[in-house]
Amino acid sequence: MQSPRAGLLIAFDGIDSSGKATQAHLLAERFRYLGKDVHEFTTPAYNPPSGQELKLWLQGKKGNWHALAWQEKAKMFAVNRAEKRERVVSALGRGEIVIYDRYIPSSLAFMTIEGTTPQNADFHRPEIHRAVEQLEYEENSMPREVVSIFLDVPVHVSIALLEKRKQYRKDADEYTDHVHVMERLYNEYDVMCTDDPKRYLRLKITTGTELLAIDDVAELVWEGLKERFGSAIIGK
């Protein structure tokens, strides 16, 4: 168990439109209500130049994303994430809480599908995970998350929600919006949660084809964290 004085880095990872941003913010607000200092981050962060360039690549406006080696793609995400490193490390050093909407586990999943086919993913997954973790945690010295929360939403439900969001925001299509990409990503998260249940907290947040109410999901997140870390860390 973590020391009560230690900072906590909690990540929300998973496929698009599964509620990560909403639940990350609600969790931050709950911690703030308990009097804790909380910092919220998102990756990719599209405001800095590295994020703007990455977004253009993902939208097919910069060049041929498919022609890039997965190692180059991993570096783009890692560079973007590392821009916030000093703020993250400083907050954790003060015993504060950092909450990420997508963190390094998202790159583990994404780079695996970028560097493999469905047929050879099981063979190459370990080496890709090692390379991404070497880049992020060791070379870039990014802090390790204490838990990655996977909001388990079936792909067909996420696709429907994503299309509604894109129409409302008038967002351009991105590579990761494609059904076949989301299906492979979902499979990767499934494998990761199964293989390492101590690292991942998997929460099923649908009933049938409907998402649970936002507040109900927030309670599942909170209870899951309390069970994982205890009330001395999370609060009563």
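Predicted, not measured: the structure shown is a model, and the values here were computed from it.

**Brief notes about the overall build of the protein**
Along the backbone of the protein there are ten helices and seven strands. Long-range pairs, those at least 24 residues apart, make up 77% of the contacts in the protein with a sequence separation of at least 6. Per element, the accessible surface of the protein, about 11900 Å² overall, is 50% carbon and sulfur.

**Focus: the sheet that holds strand β4 (residues 147-152)**
With respect to topology, five strands assemble into an open sheet ordered β2-β3-β1-β4-β5, the strand pairing being parallel. In the strand order of this sheet, the two ends are held by β2 (38-42) and β5 (200-204), each with one partner. Strand-to-strand twist of the sheet, defined as the mean angle between neighbouring strand axes without regard to direction, takes the value 20°. Each of β1 (8-13), β2 and β3 (97-101) touches helix α4 (residues 85-93); the most contacted strand, β3, lies at about 140° to it.

**Notes on the pattern of salt bridges**
Scanning the entire structure with this criterion turns up 16 salt bridges. One salt bridge connects R85 with E86, and the closest N-O pair in it is separated by 2.6 Å. Residue E188 is joined to R125 by a salt bridge in which the shortest nitrogen-to-oxygen separation is 2.7 Å. Taken as a pair, E188 in helix α8 (residues 179-195) and R125 in helix α6 (residues 121-139) lie far apart in primary sequence, 63 residues in all. Several salt bridges converge on common partners, so that one network encompasses E29, R32 and E40.

**Observations regarding the nonpolar core**
Counting 40 residues, the largest nonpolar core has W65, V98, Y100, F110, M111 and L185 as the members making the most contacts within it. Core analysis: the next-biggest nonpolar cluster, separate from the first, contains 24 residues, L8, F12, V221 and W222 among them.

**Side note on helix α2 (residues 49-58)**
If you check which residues of α2 are buried, you get S50, G51, L54, W57 and L58. Buried residues of α2 fall within an arc of 120° about the axis and therefore sit on the same side. Buried residues in α2 make contact with α3 (70-82) and α5 (104-114). Phi turns positive, to about 75°, at G60, one or two residues after α2.

**Observations regarding the pairing of β3**
Most of β3 sits inside the fold, with five of its five residues counted as buried. For β1 and β3, the ladder comprises five bridges, and the chain directions are parallel. Bridged to L9 within β3 is V98. Note that β2 and β3 share five bridges and pair parallel. Bridging across to β3, H39 finds its partner in V98.

**Focus: unusual backbone geometry**
A cis geometry characterises the amide bond from T43 onward to P44, with omega recorded as 0°. In this fold, P44 is placed in the loop between β2 and α2. At S17, a position not held by glycine, the phi torsion is positive, near 60°. When its relative accessible area of 11% is taken as the criterion, S17 is described as buried. You will see that S141, though not glycine, has its phi angle at about 55°, which is positive. On the secondary structure map, S141 appears in the loop between α6 and β4.

**What to know about the packing of aromatic side chains**
Across all of its chains, the model carries seven aromatic pairs by this definition. Between W65 and F110 the ring centres are 6.2 Å apart and the planes differ by 10°, which places this aromatic pair in the stacked class. With W65 in the loop between α2 and α3 and F110 in helix α5, this pair connects stretches of sequence that are 45 residues apart. By relative accessible area, F110 is classed as buried at 6%. Here the aromatic rings of F150 and Y189 are separated by 5.3 Å at their centres, their planes lie at 20°, and the arrangement is stacked.

**Section: the packing of helix α1 (residues 20-33) against helix α9 (residues 214-229)**
Axis separation between α1 and α9 bottoms out at 10 Å; the angle between their running directions is 65°. In terms of crossing hand, the pair formed by α1 and α9 is right-handed. In this structure, α1 uses T22, Q23, L26, L27, R30 and F31 to contact α9, whose residues at the interface are I214, V217, A218, E219, V221, W222 and L225. The class makeup of the residues in the contact of α1 with α9 is nine nonpolar, two polar and two charged.

Conventions we followed
Residues numbered from 1 in each chain as written. Predicted model: local features only at pLDDT ≥ 70, side-chain atom pairs only at ≥ 80, totals over all residues. Heavy atoms only, no water. Helix = DSSP H or I, 4+ residues; strand = E, 2+ residues; numbered from the N terminus. Contact = heavy atoms within 4.5 Å. Areas by Shrake-Rupley, 256 points an atom, 1.4 Å probe, with all protein chains shown as cover. Pairing = 2+ DSSP bridges. Axes fitted to C-alpha atoms, helices over the stretch in contact; angles between N-to-C directions. Salt bridge = Lys/Arg side-chain N within 4 Å of Asp/Glu carboxyl O. Core = buried A, V, L, I, M, F, W, Y, C linked by side-chain atoms within 4.5 Å. Buried < 20%, exposed > 50% of the residue type's maximum accessible area, 1.4 Å probe, protein only. Arc of directions from axis to C-beta. Phe/Tyr/Trp six-rings, centres within 6.5 Å; stacked < 30°, edge-to-face > 60°. Left-handed = near helix turned anticlockwise from the far one by under 90°. Nonpolar A, V, L, I, M, F, W, Y, C, P; charged D, E, K, R; others polar.

Shape descriptors only; they carry no functional weight alone.
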